[in-house]
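# Architecture at a glance
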Amino acid sequence: MEFQIPDFAPAYPEIFLLCMAGAVLLLDLFLGKRFRNLAYGLSIASLLATIAMIIGSSQQATTFNGMFLRDLMGDILKIAVMLFTIMVFIYSRIYQQDRHIFKGEYFVLALTAVLGMMVMISAGNMLLLYLGLELLSLSLYSLIAMRRDSLHATEAAMKYFILGALASGILLYGMSMIYVTTGTLDLAQIHAAIRTGDSANLVLSLGLVFVVVAIGFKLGAVPFHMWVPDVYQGSPTSVTLFLGSAPKLAAFAMLMRLLVGGLENMSGQWQQMLIILALFSIGFGNIVAIAQTNMKRMLAYSAISHVGFFLLGVLSATPDGYAASMFYILVYGFMTLGSFGMILLLSNKDSESDMIANFKGMFSAHPLYALVMTLLMVSMAGIPPLIGFNAKLAVINALVESRLYWVAVVAVLFSVVGAFYYLRIVKFMYFDQPGEAIRLNGGMEMHTLLTINALALILGLPWIGWLIRICNSALAQLS
Amino acid sequence: MQAVYLAIPLLCLAAAAIAGLAGGRIGRAGAHGVTIFGVGAAFLLSFYVALDVFRNGHLFNGPVYSWLSSGGYNFQVGFLIDQLTATMMVVVTFVSLMVHIYTIGYMADDEHNWPKDSLAGKNSYQRFFSYISLFTFSMLMLVMSNNFIQLFFGWEAVGLVSYLLIGFWFNRESAIFANMKAFLVNRVGDFGFLLGIAAIFAWFGTLDYDAVFGIAPSLASQQIHIAGSTHWSLITFICIALFVGAMGKSAQVPLHVWLPDSMEGPTPISALIHAATMVTAGIFMVARMSPLYEMSETALSLIIIIGAITALFMGLLGIIQYDIKRVIAYSTLSQLGYMTVGLGASAYNASIFHLGTHAFFKALLFLGAGSVIIAMHHAQDMRRMGGLRRFMPITYFTMIIGSLALSGIPPFAGFFSKDAIIEAVHHSHITGSGFAYFSVVIGAFITAFYSFRLIFMTFHGKPRMDEHTRKHLKESPAVVIVPLLLLAIPSVMAGWQFIEPMLYGDFFGDAIRILPRHNAFAEAGEHGFSAWHFMKHGAFQPPVLLALIGMVSAYIFYVARPDLAGEWRAKLAPAVRVLENNYYFDKVYQAVFAGGALRLGSCLWKSADVKMIDGFINGLARAVGWVSGKVRLVQSGYLYHYAFVMIIGLFLMISWFLYL
């Protein structure tokens, strides 16, 4: 066998980001405490530069013997992941400083997590996918545990780590079963190897179940969701913010690469599994969220229900459905950032301010941020004309086109239930009296960005069509 | 020129916005200053546009703004500027300007009409100016439109502002009742109007006037199937549906019931909206659609009959009223009937002519009545007036002019326009024109009678008001008097100035299309025509003679032998009772439609909404809350529980695929 030097060009952005992560680490090591803001700036700058590189070199390419893919879907998701990460950095700066975790490690770990996500997004091979996933997960475990002195944080990290390891084991086991039947780890070759007739193969079916379960865990779908509320609540809010937004995009990419890129011919089977996961998630997430008093925990259950909703688009098993899901997850990530951003805004040195009751009387104290939060919540609930509604509409539309009417009906009914807990916060803000004075935290740049974040949910409407079209063309390329 | 067209309505809109939104900040003077400036500028520009249209023949038809595009159809804001539009624009802005100026005087102490220190009372002056400017904007959008959507927008917008203004004193029960009634009755009309527009869109595929008129001849014999086995001519259906809208807005029987009640609003708006402009929207619309109406004799027959009924029977109601504004309100209904009759006789130009002259003298009469009302400290009952001419000579003088014009005495404006309509009906051969001719001729007597009854009861005879009011009687201030005088001028002159070009000449160009066989004036025009001839000829015809008899009878009944009125009233008691109850229209509507709707609504509310829907929803909400509280306990916090659930989930998934 002749060894060829692979074409590195498609992977330049990843390589660059890896170098920059190293640079930030070294910089922090040698310059120390006084230059923390430099690490902050440099991280944002390197993410921006990576985005520019991706935009500049946007292409469809395969390299490293089919292990590494570049396509439009990947590029969009990577750009979104990095934009979200930048927003996370900006939102959490003051919060981190207040808690003495504004350290170089935070940025390095976040950057390696981003790198892991990018590898997942670009993976054309199950091994690479696993590698990216582990890079992401390990970075996240450490990020959560960064507040070593916090009992909650260490507990959350521990739970996430152990359950994550269990899920990784399940994933590897599933992959090995697929490898046994098809004889390859390359997703394109797996796709070619499985004909629609072969789907009766028992080992293959078992492998599929294991893979889907692992993906379900990563996404936090019921019944593999148990870690979500505890980890969301236990982590420092700045980490929850990160955890709740960008990795969802990577998990979407993983779902696409594995189920559509590799196992598309078994869609009849994974469709059923996803229906179960999706409906349980929507139902369970929405109902349990109602009983929550902690904002982060409520958002965790809300995340579970949103994950269910976004699985609905995937399980319609049509390019339109995938595109709807992609649009949904992008919009969801954006809304989540804003919502956790609001918690960060209310928190201060002494208090996390992560209780729902903290929002009481917001309107009389800070009408602008009451509006910001209202927009976020109303959009999350999927009430027209906000963008969150369009996202839900796209998914429901895909379901209806796939003739899965009953699934659509159940999903819509549960999102009505979900509207309750989002609107309750609006009620708290506008109609209740504040318990104690509400102080706003965060710097100028955060305030501006947060306001834009929320306003974009309604002012961005004219560009929705454009965004959906891009998602459509991205997924048309995929399948 | 497009900028000028656009500026005319937008000036009014901007003025309304400033006066309405910043009313508290700019104060009273600011509010009337900005709105009078806006409307005044709109009037001057309209005048300029009219000159441009009539002198230089510059017409315009085109879009100015694309609003939205849906299903291949572009909704556009567009203007059609032709002779008809230009005429309407000048009339609307002129009357509106007069009313704006007059309002300064009329509303000067409006705060007395509100509870002390209420917020609504503090800004009521500014709010009123904002409304009337907004109304002017809406009316201009209506008349300047070049498509049905914008027409409908203007149509609804004037309806809305009318609603706001009738209920302007919303602390009065009767005002709320009246504005609700006006709104609901107009909904009935608008429903027909909307059906007409929908039918046009369905069959023509476009809503632009020009395109519709272009396609119409090719659909002349199109039949449509509505219900049962009957077939309708499409054009007839469209014409009648649109006319139903016109009946609502222009208060034709049986949708006329809202107009007398609308007198609950302040008097300036009675002059502006319920006499001169909004109620003429229906007349304008039919004239604008003349190419369509000319194709359906059935629709024209319906129009002429409805108009004749309105002209005659609503006029009769004017005779028995004691409220000075109500007399004028019923006279307005009757005159709108005349205009409608003119439309039915295909004399669109005569109707628009009457619309114009009527706008001037009716605004004059209303504003004059308002002037009386100011002097009388907001008492409106004519039985409490009398002998006012000594105290208010200018009001008296201008009211006489208005009444003479209304009664159709030559050479005042109303004579020409009304006689033209009567003449047209005389020549018309359409079904119903015989009845219509009878109605409008008898109507001339009735009109003169109630007009001069009003004059005599108010200004002549012995003063019947109480001592206190009488001591304070005085002529109204200049801001009230000047508009009266300015309106008196066209009330005298507009007739002989415009009759020749409007009826016999080429005044309207292609804006109004009349089939040659429907055109009553074409023949007369050939023999050469002059206003002088028309007057000489008309002065000895039945209508004028009847009008004179009407005036004399009014004099006998209310000045020479005041006791006669009471005697006759007693003799004709049954007839009077019918009239006093407005032919029972109100009672029937109130009992059947309003009462029925209320009963149905309360039945649905109590049984369907409260018991079924609320019960179900509230029960469901409680159930969800209960489930939520239970299920959250699953989240125990123990790691081994979590792992266990995951493994169980995996196990169930596998079993699902192995055994199902």
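Residues take numbers from 1 onward in each chain, read along the sequence in its written order. Chains carry letters from A onward and ligands carry numbers from 1 onward, assigned in written order. At least 70 in pLDDT is required for a residue's local features to be given in this predicted model, at least 80 for side-chain atom pairs to be given and counted, and no such filter applies to totals for whole chains, interfaces and linings, which use all residues. Where side-chain values are given, they derive from all heavy atoms of the structure, hydrogens and water being excluded.

## Focus on the overall build of chain A
Scanning chain A for helices and strands turns up 19 helices and two strands. Burial here depends on accessible area, computed with a 1.4 Å probe over protein chains only, as a share of the maximum for the residue type. Under 20% is buried, over 50% is exposed, and the range in between is partly exposed. Burial status across chain A gives 63% buried among its 479 residues. Note on contacts: a residue pair qualifies if any of its non-hydrogen atoms lie within 4.5 Å across the two residues. Contacts in chain A between residues far apart in sequence, at least 24 positions, make up 82% of those at least 6 positions apart. Values of accessible area rely on a 1.4 Å probe in the Shrake-Rupley scheme; residue burial ignores everything except the protein chains shown. By element, 68% of the accessible surface of chain A is carried by carbon and sulfur atoms, the whole surface being about 17200 Å². Comment: elements are numbered from the N terminus, with helices defined as DSSP H or I runs of at least four residues and strands as E runs of at least two.

## Points about the interface of chain A and chain B
The interface is formed by 34 residues belonging to chain A together with 22 residues belonging to chain B. We define buried area as the total accessible area lost by two parts upon association, computed with a 1.4 Å probe and summed across both. Overall, the association of chain A and chain B removes approximately 2500 Å² of surface from exposure, summing both partners, and the carbon and sulfur fraction of that is 82%. The salt bridge criterion pairs a side-chain nitrogen of Lys or Arg with a carboxyl oxygen of Asp or Glu, the two atoms within 4 Å. Run the count over chain A and chain B and you get zero salt bridges. Any pair of N or O atoms that falls within 3.5 Å is considered a polar contact. Within protein, one atom must be able to donate a hydrogen and the other to accept it, and sequence-neighbouring residues count only if both atoms are side-chain atoms. For the pair chain A and chain B, the interface holds eight residue pairs in polar contact (both at pLDDT 80 or more). Elements with a minimum of two residues in the side of chain A that touches chain B: α6 (151-182), α8 (202-219), α9 (227-234), α11 (267-290) and α12 (295-315) of chain A. Considering each element in turn, the side of chain A that touches chain B owes the most residues, nine residues, to α11(A). The class makeup of the residues in the side of chain A that touches chain B is 26 nonpolar, four polar and four charged. Amino acids outside the nonpolar list (Ala, Val, Leu, Ile, Met, Phe, Trp, Tyr, Cys, Pro) and the charged list (Asp, Glu, Lys, Arg) are all regarded as polar, and Gly is one of them.

## Some thoughts on unusual backbone geometry
In this structure, A:Pro223 follows A:Val222 across a cis peptide bond, with omega equal to 5 degrees. Mapping A:Pro223 onto the fold places it in the loop between α8 and α9. Here the bond from B:Pro410 into B:Pro411 is cis, since omega is 5 degrees, no more than 30 degrees from zero. Of note, A:Arg403 is a non-glycine position whose phi angle comes to about 65 degrees, a positive value. Its relative accessible area of 63% is what places A:Arg403 among the exposed residues. Although it is not a glycine, B:His378 sits at a positive phi angle of roughly 65 degrees. Looking at the element boundaries, B:His378 is found in the loop between α16 (348-375) and α17 (393-407).

## Considering the nonpolar core
Counting residues in hydrophobic clusters, the biggest one holds 218 residues, and the most contacted among them are B:Phe148, B:Leu242, B:Met289 and B:Tyr293. The residues touching B:Met289, leaving out its near neighbours within four places in the chain, are B:Phe148, B:Leu151, B:Tyr209, B:Phe213 and B:Leu242. Think of a nonpolar core as a cluster: buried Ala, Val, Leu, Ile, Met, Phe, Trp, Tyr and Cys residues, connected wherever their side-chain atoms sit within 4.5 Å.

## Some thoughts on helix α15 (residues 324-344) of chain B
Residues and elements named next belong to chain B. Expected span of a helix: the number of residues minus one, times 1.5 Å. For α15, which comprises 21 residues, the first-to-last C-alpha distance of 31 Å matches the rise-based estimate of 30 Å (1.5 Å per residue) to within 8%. Counting buried residues in α15 gives 20 out of 21 residues, a clear majority hidden from the surface. By the N-cap criterion, in which a side-chain oxygen at the helix start approaches the backbone nitrogen of a residue two or three places on, α15 is capped by Asp323, the distance to Lys325 being 2.8 Å. Ser346 sits one or two residues past α15 and shows a positive phi near 65 degrees.

## Structural notes on α8(A)
A rise of 1.5 Å per residue sets the reference length of α8(A), with its 18 residues, at 26 Å; its end C-alpha atoms lie 26 Å apart and thus fit the reference within 8%. Where α8(A) ends, the next residue or the one after it, A:Gly220, has phi of about 85 degrees, a positive value.

## Some thoughts on the packing of helix α13 (residues 319-346) of chain A against helix α15 (residues 367-381) of chain A
Residue and element names in this part refer to chain A. Orientation of α13 relative to α15, taken along the N-to-C sense of each, is 145 degrees, at an axis distance of 10 Å. For the pair α13 and α15, the sense of crossing is left-handed. Contacts between α13 and α15 involve Tyr332, Met335, Thr336, Gly338, Ser339, Met342 and Leu345 on the former and, on the latter, Tyr369, Val372, Met373, Leu376, Met377, Ser379 and Met380. Residues that form the contact of α13 with α15 fall into these classes: 10 nonpolar, four polar and no charged. A fitted line through C-alpha atoms serves as each axis, taken over the contacting stretch for helices, and the angle formed by two N-to-C directions is quoted from 0 to 180°. Crossing handedness: left-handed means the near helix sits turned counterclockwise from the far one by under a right angle, and right-handed means the same turn made clockwise.

## Observations concerning a nonpolar patch on the surface
Residue and element names in this part refer to chain A. Together, Leu26, Leu29, Phe30, Leu31, Phe35 and Leu38 make up a nonpolar patch on the protein surface, roughly 610 Å² of accessible area in all. A total of four residues in the nonpolar patch trace back to one element, the largest contributor, which is helix α1 (residues 12-31). Among the secondary structure elements, Phe35 is positioned in the loop between α1 and α2 (36-56). Among the residues examined, Phe35 registers a relative accessible area of 34% and is labelled partly exposed. For patch detection, residues must exceed 30% relative accessible area and be free of salt bridges, and they are connected within 9 Å for like charges or within 5 Å for nonpolar side chains (Val, Leu, Ile, Met, Phe, Trp, Tyr).

## Structural notes on the environment of B:Ile324
All names here are of chain B. Inspection of the secondary structure assignment puts Ile324 in helix α15. Under the relative-accessibility criterion, Ile324 is labelled buried at 0%. Residues Ile324 and Gly370 lie 46 residues apart in sequence; the distance between their C-alpha atoms is 9.2 Å. Setting aside chain neighbours within four positions, we find Ile324 in contact with Ala369, Val372, Ile373, Gln380, Met382, Met385, Leu454 and Thr458.

## Side note on the packing of helix α5 (residues 126-144) of chain A against α6(A)
Geometry of a packed helix pair, given as the angle between the helix axes and the separation of the axes. All names here are of chain A. At their nearest, the axes of α5 and α6 sit 9 Å apart, and the two run at 175 degrees to each other. By the angle between their axes, α5 is roughly antiparallel relative to α6. The residues of α6 that touch α5, namely those facing Met126, Leu129, Tyr130, Leu133, Glu134, Leu140, Tyr141 and Ile144, are Ala153, Ala156, Ala157, Tyr160, Phe161, Gly164, Ala165, Ser168, Leu171, Leu172, Met175 and Ile178. Class assignment of the residues belonging to the contact of α5 with α6 gives a composition of 17 nonpolar, two polar and one charged. Convention used here: angles under 35 degrees read as roughly parallel, angles over 145 as roughly antiparallel, angles from 65 to 115 as roughly perpendicular, and any remaining angle as oblique.

## Some points on the confidence of the model for chain B
On average, residues of chain B carry a pLDDT of 87, and 98% of them reach 70 or more. With a pTM of 0.68, the predicted complex shows an ipTM of 0.86. By definition, pLDDT measures how confident the predictor is in each residue, and it falls between 0 and 100.

## Topic: the confidence of the model for chain A
Per-residue confidence for chain A gives a mean pLDDT of 90; residues scoring 70 or more make up 98%. Within chain A, no element has a lower average pLDDT than helix α19 (residues 464-478) of chain A, which sits at 86, and none a higher one than α5(A), at 94.

## What about the pattern of salt bridges?
In this structure the tally under the stated criterion is 23 salt bridges over all chains. Among the salt bridges present, the one from A:Arg93 reaches A:Glu445, with a minimum N-O distance of 2.8 Å. With A:Arg93 in helix α3 (residues 72-98) and A:Glu445 in helix α18 (residues 444-459), this pair connects stretches of sequence that are 352 residues apart. You can call A:Glu445 partly exposed: its relative accessible area is 28%. When the shortest N-O distance is used, the salt bridge between B:Lys181 and B:Asp261 registers 2.9 Å. Here B:Asp261 lies in helix α10 (residues 258-261) and B:Lys181 lies in helix α7 (residues 173-204), a separation of 80 residues in the sequence. One connected set of salt bridges, linked through shared partners, spans A:Glu155, A:Lys159, A:Asp230 and A:Arg297.

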